[in-house]
Amino acid sequence: MNSCQKRSSIGVAFVLSNCFLIAQQKNADYPIQPVAFTQVHVHDHFWAPKMELNANVTIPYVLQKCRETGRVDNFLKAAGKMPVGKITEYPFDDTDIYKVIEGASYALQVKKNPELEKSLDTLIAIIADAQEPDGYLYTFRTMKPEKLHPWISPKRWEKDPDLSHELYNVGHLYEAAVAHYLATGKKSFLNIAIKNADLLVKDFGPGKAEYFPGHQVVEMGLAKMYRITGKKEYLDLAKFFLDIRGSGKIRGSQYSQSHKPVTDQHEAVGHAVRAAYMYTGMADVAALTGDQKYLRAIDDIWNDVVQTKLYLTGGIGATGAGEAFGEPYQLPNMSAYAETCASIASVYWNNRMFLMHGDSKYIDVMERVLYNGLLSGISQDGKRFFYPNPLASMGQHQRSAWFGCACCISNVTRFMPSVPGYVYAQNKNDLYVNLFMSNKADIKLPAGSVSIEQSTDYPWNGKVNIAVSPQKSSAFALHIRIPGWARQEAVPGDLYRFADNASKPISISLNGKKLDYKTEKGYAVINRTWSKGDKVEIDFPMEVEKVLANEKVEDDKGRFALQRGPIVYCIEGPDNVDKTVQNIMVNDKTPVRETFNKDLLNGVLVLTAQGNATKRQLNSDVLLKSEQQVNAIPYYAWNNRGSGEMEVWIPYTEAAARPKPAPTIATKSKISSSLNNQRMQNALNDQYDPKNSNDHSAIYLHWWPKKNTLEWIQYDFDQEYTVSESSVYWFDDGPFGGCRIPASWKVLYKDGDKWVPVKNLTPYEISKDKYNGIRFEPVKTKALRMEVQLPEDFATGVHEWNVK
């Protein structure tokens with residue numbers, strides 16, 4: 001690899017390489033440029049082990065899974081080297097290969113690995129064989145299966161605005177190919193991408209194919225290809241794909257942000273990953289073309305997200321219905337979607353916004369995502385993954401070793417090696433320090449080369465030491481981000497606030513002397529002539545904060561969350577009495593203690609307070625309380641000790657608490673069902689009254705994907721009782737989900753070894769959004785069973801089942 005290639009600047013979200021820019025490009029790009037992660041060598045105790053785990057465990061694991069699940073075989077079949085036979089599930093499965101190659105390429109830039117490089121060469125050769133002569137690359141069509149996947153049209157590109165994912169696939173191809181080229185200097189993969197991109201230029205444009213991408217990402221990929229090749233046709237095509245959305249030539253939808261022209265969109269709607277990829281692509285095209293209309297639109301959309309649609313963990317996407325943004329302030333906790341892919345896309349987007357505007361608020365949001373909602377997506381052994389990242393659980397959530405739709409797994413794999421590329425940025429002789437982690441970086445400024453070395457125990461400690469060593473005395477400005485949390489700002493805007501909003505001094509010293517500094521856009525700016533051995537010391541006041549949500553967020557009323565520095569905390573079962581946290585209540589004025597436990601979850605700082613366990617009692621609204629110690633761990637580390645209860649937002653009022661159920665016939669019963677899923681069965685008697693049939697904020701039982709079958713649920717009592725009433729609250733997630741209220745239901749009691757229908761005195765009601773109850777002639781029995789006839793075209797679910 002030549003020296004020019006070694007100096008190339010690459011990040012997982014963008015490529016900005018001066019070595020390959022033509023003169024026209026030099027005057028049109030982001031005013032601020034990232035310092036390449038290859039120039040930043042991280043050696044801290046937080047991120048470095050995670051990146052090493054990704055390189056040594058996760059990348060080989062995901063590569064092996066791609067082989068086991070047939071993703072590599074798809075390319076062999078497309079190349080005619082294997083019989084087609086059974087193929088994988090989704091037309092976008094090709095992208096898992098591309099993303100793993102991308103992540104592995106980043107890893108190769110950090111640390112050479114000849115064996116891994118050889119594996120990539122083999123994979124790339126297989127991909128090349130699967131490419132059609134004109135450049136088309138899409139295994140699900142090229143392999144000529146007996147029957148095309150229902151998402152695919154017989155004609156190329158025709159169904160891309162819907163679900164074929166042809167352009168989505170090549171977007172990830174481009175990103176991976178550029179990464180591989182800059183990592184190795186080899187053009188084998190880049191040539192595949194160029195051949196494909198040239199086909200897109202030939203096929204798409206005014207008067208040619210005018211389809212918009214159904215799942216955005218190709219826009220970002222084309223911007224990278226433009227930067228690396230200088231071919232302006234690629235940039236023009238990226239802009240075309242944005243401008244054709246919402247034009248009316250093809251029917252669009254909010255789901256894919258194609259309901260109106262992109263420059264007329266001013267709020268975040270639809271599928272969160274698609275959206276954030278599109279906003280990132282809009283930022284790229286705005287930077288490269290100077291189109292201010294794009295910028296005005298994404299400025300408004302960013303404000304909409306941060307002020308009304310952002311989880312405290314940084315996650316975006318409130319609902320599983322369409323994996324989408326909800327309405328403003330609709331931020332449910334237990335049913336939060338907050339997809340891992342959406343968090344990664346949010347990092348890309350927020351970093352682009354910073355590169356454009358130079359404001360620390362974008363890095364504040366990015367840091368929140370990094371340390372919380374993104375990092376929670378992968379387990380501490382590097383082999384289990386979250387797709388959604390909820391903020392509360394009753395044990396129904398658990399990381400998986402693999403998903404049929406594995407986008408989040410391959411995405412987090414490619415992202416982790418790129419983290420150092422978000423630490424520094426530069427604009428001429430303005431050098432930005434955005435993130436804090438022990439590292440050494442070598443940076444070239446117009447004023448001269450400079451070595452920067454950070455020493456810190458961040459995120460556990462707010463003290464950061466920065467050694468500045470220019471090759472020769474040089475004048476430049478060091479911009480050190482003052483995190484929003486250190487300025488008592490939970491997030492930009494008023495979606496969240498700290499209960500204690502008293503400002504705390506932030507001390508900065510230069511060569512041992514306290515410095516009076518000015519701030520610009522959230523940065524402490526030190527503009528001077530620097531010499532070897534200069535040392536800057538920053539002491540961020542890292543105190544435990546109680547976070548309160550805007551009163552418009554219904555799900556967080558009467559609750560607070562704990563945050564210390566950039567880390568959001570949660571209470572989890574294994575650290576608390578009876579492995580139960582849903583019943584915990586903590587006074588919002590209670591002091592919180594902190595202790596670092598090096599043996600827990602790879603070393604975490606634990607927060608501890610006194611609180612109460614709450615419990616219901618029969619025939620009374622007064623809760624029984626017992627005092628107990630409450631322990632909280634970083635949210636990113638939860639679910640590494642098995643599934644169980646978890647809560648980010650801790651109740652401080654009785655109205656917000658979810659007490660342990662009072663002893664009733666139902667709660668003392670053994671539950672069984674035709675489903676045989678204990679976690680879902682536990683929903684039937686947890687005494688949680690849903691807000692409506694489509695309430696996802698607690699666990700519920702459902703029979704999806706079954707249809708038109710007879711199912712059952714059963715209570716075996718702890719003793720014989722005389723019962724005469726029963727009520728049920730149905731789960732129904734229409735119109736988008738697969739569950740509806742049942743076609744019919746009936747209650748039976750056990751008489752010896754037989755099940756006998758009760759003689760109902762009132763009719764069997766079947767209604768949404770309420771308890772459906774019946775009264776029947778009293779029976780003395782040890783068990784009740786409910787039979788449920790599912791509708792012809794849907795499944796059915798149950799929130800709660802009561803017996804009297």
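See the structure shown above.
Thresholds, definitions, all that
Residues numbered from 1 in each chain as written. Predicted model: local features only at pLDDT ≥ 70, side-chain atom pairs only at ≥ 80, totals over all residues. Heavy atoms only, no water. Salt bridge = Lys/Arg side-chain N within 4 Å of Asp/Glu carboxyl O. Axes fitted to C-alpha atoms, helices over the stretch in contact; angles between N-to-C directions. Helix = DSSP H or I, 4+ residues; strand = E, 2+ residues; numbered from the N terminus. Parallel < 35°, antiparallel > 145°, perpendicular 65-115°, else oblique. Left-handed = near helix turned anticlockwise from the far one by under 90°. Contact = heavy atoms within 4.5 Å. Nonpolar A, V, L, I, M, F, W, Y, C, P; charged D, E, K, R; others polar. Pairing = 2+ DSSP bridges. Buried < 20%, exposed > 50% of the residue type's maximum accessible area, 1.4 Å probe, protein only. Phe/Tyr/Trp six-rings, centres within 6.5 Å; stacked < 30°, edge-to-face > 60°. Lys NZ or Arg CZ within 6 Å of the ring centre and 35° of its normal.

Caption draft 1: Main features of the pattern of salt bridges. Counted according to the given criterion, the structure contains 45 salt bridges. Salt bridges sharing common partners tie together Glu102, Glu175, Lys224 and Arg414.

Caption draft 2: Main features of the packing of helix α9 (residues 188–203) against helix α10 (residues 218–229). Where α9 meets α10, the axes come as close as 11 Å, and the angle between the chain directions of the two elements is 115°. One finds that α9 runs roughly perpendicular with respect to α10. Along this stretch, α9 crosses α10, giving a crossing that reads as left-handed. In contact with Leu190, Ala193, Ile194, Ala197 and Leu200 of α9, α10 contributes Val218, Met225, Ile228 and Thr229. Here the contact of α9 with α10 is built from residues that sort into 8 nonpolar, 1 polar and no charged.

Caption draft 3: Summary view of the sheet that holds strand β15 (residues 518–520). An order of β3-β6-β7-β11-β16-β15 is seen for the 6 strands of this open sheet, with the pairing classed as mixed. Where the open sheet ends on each side, the last strands, each with one partner, are β3 (33–34) and β15. Relative to strand β16 (residues 523–530), β15 runs antiparallel, the two being bridged by 3 bridges. If you follow Lys518 over to β16, its bridge partner there is Val525. In the packing of helix α15 (residues 360–374) onto the sheet, contacts are made with β11 (474–481) and β16, and the angle to β11 comes to roughly 50°.

Caption draft 4: A look at the environment of Cys405. Along the polypeptide, Cys405 turns up in the loop between β5 (392–394) and α16 (407–415). With relative accessibility at 17%, the residue Cys405 sits in the buried group. Each C-alpha atom, one on Cys405 and one on Ala276, is 19 Å from the other, the two residues being 129 residues apart in sequence.

Caption draft 5: Structural context of the packing of aromatic side chains. Considering all chains together, one arrives at 44 aromatic pairs under this definition. Considering the side-chain rings of Phe240 and Phe241, the 5.9 Å spacing of their centres and the 55° angle between planes classify their relative orientation as tilted. Taking the relative accessible area as the measure of exposure, Phe240 reaches 12% and is therefore buried. Taking the relative accessible area as the measure of exposure, Phe241 reaches 0% and is therefore buried. Members of the aromatic cluster, joined through ring pairs, are Phe46, Trp47, Tyr371, Phe436, Tyr458, Trp460, Trp485, Phe540, Phe596 and Tyr636. Lying across the ring of Tyr136, Arg156 places its NZ or CZ 4.0 Å from the centre. Against the face of Trp530 rests Arg528, its NZ or CZ located 5.0 Å from the ring centre.

Just distances and angles here, no functional claims.
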